[in-house]
Amino acid sequence: KREPRVLAAGSLLIIVGIALLLRRLDIVSLRWDTLFWLGGLAGGGFLVADGFVRSKRGRVFWGSVLFLGSLYFVLLRFGVLLRYDFPLVPILFVVFGLSFFVLYLSDLGEVTLLIPALLFTGLGGGAILWWWEVFEWYELREILRIYWPIILVLWGTALLVRRRPDR
């Protein structure tokens, strides 16, 4: 039953120590930027888990942002994802959208959190698909021009079905 900061610091020191030892023994070739993103991955995962256990929404959200952002850079570093030199903003939109979704998972009664989750993830995903030339910008603009009121309908529905604690 240690304090969370002590657990986080201890875990981080263990991970960095093992990584440096594996690098020193020429088992794994790691650079400092890789260690940084692996530390962000571990720290973000710890914050999310701690936020779920303690019901702290800020830790869940920002831990998710740190975890998912670090995961993107780790996957780039190890060659799982290929860099297409598109701007970082769409990736940030997707990361924030998924973080809102994880925040919704921590409190299923807050249906309104699905609105920014869908909005950010949709905008980021749409920008990535446009960058990959899956569709043209004018097609996306036309879809948004016609169907944007759906956002209002979803938002209103979320407000109506949102559970309120009994007082």
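One numbering rule holds for all chains: residues counted from 1, following each sequence as written. For a predicted model such as this one, the threshold for reporting local features is a pLDDT of at least 70, and the threshold for listing and counting side-chain atom pairs is 80 or more; totals across whole chains, interfaces and linings nevertheless cover every residue. Excluding hydrogens and water, the side-chain figures rest on all heavy atoms present in the structure.

Side note on the pattern of salt bridges
Whenever Lys or Arg places a side-chain nitrogen within 4 Å of a carboxyl oxygen from Asp or Glu, that contact is recorded as a salt bridge. Applying the stated criterion to the full structure yields 3 salt bridges. Asp-50 serves as the salt-bridge partner of Arg-54, at 2.8 Å between the closest nitrogen and oxygen. With Arg-54 and Asp-50 both in helix α2 (residues 32–54) and 4 residues apart, this pair spans about one turn of that helix. For each residue, the accessible area found with a 1.4 Å probe, counting protein chains only, is set against the maximum for its type, and the residue is called buried under 20%, exposed over 50%, and partly exposed in between. On the basis of relative accessible area, Asp-50 is assigned to the buried category, the value being 10%. Residues joined by salt bridges that share partners form a network here, namely Asp-50, Arg-54 and Arg-59. Under the scheme used here, helices are H or I runs from DSSP no shorter than 4 residues and strands are E runs no shorter than 2 residues, and both carry numbers assigned from the N terminus.

Structural notes on a nonpolar patch on the surface
Taken together, the side chains of Leu-118, Ile-143, Ile-146, Tyr-147, Ile-150 and Leu-154 make up a nonpolar region of the molecular surface, amounting to roughly 590 Å² of accessible area. Elements with a minimum of two residues in the nonpolar patch: α6 (137–147) and α7 (149–161). In this structure, Ile-146 sits in helix α6. A residue is classified by how much of its surface remains accessible, and Ile-146, at 44% relative accessible area, is partly exposed. Patches here are clusters of residues that have more than 30% relative accessible area and form no salt bridge, with a 9 Å joining cutoff for like charges and a 5 Å cutoff for nonpolar side chains (Val, Leu, Ile, Met, Phe, Trp, Tyr). Surface accessibility in these figures is a Shrake-Rupley result with a 1.4 Å probe; residues are shielded only by whichever protein chains are displayed.

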